[in-house]
Amino acid sequence: MIDLRSDTLTRPSEPMRAAMARAEVGDDVYSEDPTVRALEERVAGLFGHEDALFTPTGSMANVLAVASVVRPGEEVLCEASAHIARAELGAHGAVSGLTMRTWHHPRGHADLDQIRRMHAPDMGPFFVRTAAVSVENTHNFAGGSVTSIDDLRALRAWAEDTGTAVHLDGARIWNAHVATRTPLSSYGAVADVLAVCLSKGLGAPVGSLVVGSADAMAAARVQRKRLGGGMRQVGVLAAAGLHALDHHVERLAEDHEHARLLGEALGLDPSEVETNIVVVDRDDAPALVEAAAREGVRIAQVGPRAVRLVTHLDVSRRQAEQAAAVLSRLTRPGA
């Protein structure tokens, strides 16, 4: 079975397992796990921020990150199909007590004109204040699209003028980095706080990080414990993340190439497939998912008419070509 449902399906490689087995560990609730601290310091440095905090999941990282810049009763603006709005089960409202409004962009980009119109300054005890804007890069449900660094810099300049924070959901920021050769530090410079993931394209079994100021990370550490995310000898997981950073970043270009093969097989212009995610609009979405599974290819339905395919570490070039052949045949007119 060639499984293209998500890049979260990757399994640790044997070298990654070996790195995990020999990891030096301590009690991370006491901030005494040396491997966790090494990972946090390394990731903070990559993005040019003071500190980082290891979390078990990307959703927790996003909740902690957004809550560091948006207080209860304030709002965050984001794109309508953003992960924080659609795929975190309402956690930001339920847990953090904040509100959310959205703009729409077909590629999930930060539309500064819409953001300007939506922004609500502090007008006293009458209206909800816009405390932050969240941008997802790459954008999952928009087909792995990349918001350009120029657009992010323009957003940052406006945000500084208005006193608005910027949250960057960088679950797949590594893909954006490889696709555009934009330095990670440049992405860090446009955001007050980031959430980045190790368990998608990088192939670690578990783990994300919140990245920001030392004070924000100290507060996030307290909230992480409050949410049940205090972990003990978790260096065995942090070691997987360190291995991934050493060995699995540049190879993301292979996933992007494989995704273009799949996109072309489904009738897309390959140039429109920017990273490792392909989303296609199909009237027969449920039937296509079932037919592909019968042919040995697992794909995901992510909307009434939307089908998603995600390439990753565990899908070889040969498997991508096989899947492309199956999907091309199944979607051929008259098939």
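The shown structure was predicted, so the numbers you read here are calculated from the model rather than taken from an experiment.

About the criteria used
- Residues numbered from 1 in each chain as written.
- Predicted model: local features only at pLDDT ≥ 70, side-chain atom pairs only at ≥ 80, totals over all residues.
- Heavy atoms only, no water.
- Salt bridge = Lys/Arg side-chain N within 4 Å of Asp/Glu carboxyl O.
- Helix = DSSP H or I, 4+ residues; strand = E, 2+ residues; numbered from the N terminus.
- Buried < 20%, exposed > 50% of the residue type's maximum accessible area, 1.4 Å probe, protein only.
- Pairing = 2+ DSSP bridges.
- Axes fitted to C-alpha atoms, helices over the stretch in contact; angles between N-to-C directions.
- Contact = heavy atoms within 4.5 Å.

*Asks:* It is not clear to me how the pattern of salt bridges should be interpreted in this structure. Could you clarify?
*Replies:* Pairing between side chains of opposite charge can happen when the charged atoms of each approach one another. Under the defined criterion, the tally for this structure stands at 28 salt bridges. As a salt-bridge pair, Asp7 and Arg172 come within 2.8 Å of each other at their nearest N and O atoms. Remark: Arg172 occurs in the loop between strand E6 (165-170) and helix H8 (173-180) and Asp7 occurs in the loop between strand E1 (2-3) and helix H1 (14-21); sequence separation between them is 165 residues. Each member of the pair Asp7 and Arg172 is classed as buried.

*Asks:* Sorry, what's going on with the sheet that holds strand E8 (residues 208-212) here?
*Replies:* Within a beta sheet, neighbouring strands are joined by backbone hydrogen bonds and run either parallel or antiparallel to one another. Strands sit in the order E2-E8-E7-E6-E5-E3-E4 across an open sheet of 7 strands; the sheet is mixed. The open sheet is flanked by strand E2 (51-55) and strand E4 (99-103), the only strands paired with a single partner. Shown here is a sheet whose adjacent strand axes are inclined to one another by a mean of 20 degrees, direction ignored. On the sheet, helix H10 (residues 214-226) packs against E2, strand E7 (193-197) and E8 and is oriented at approximately 20 degrees with respect to E2.

*Asks:* Just checking my understanding: could you explain the environment of Ala176 for this structure?
*Replies:* On the secondary structure map, Ala176 appears in helix H8. Taking the C-alpha atoms as reference points, Ala176 and Gly144, 32 residues apart in sequence, are found 8.6 Å from one another. Setting aside chain neighbours within four positions, we find Ala176 in contact with Asn137, Thr138, Val146, Arg181 and Tyr187.

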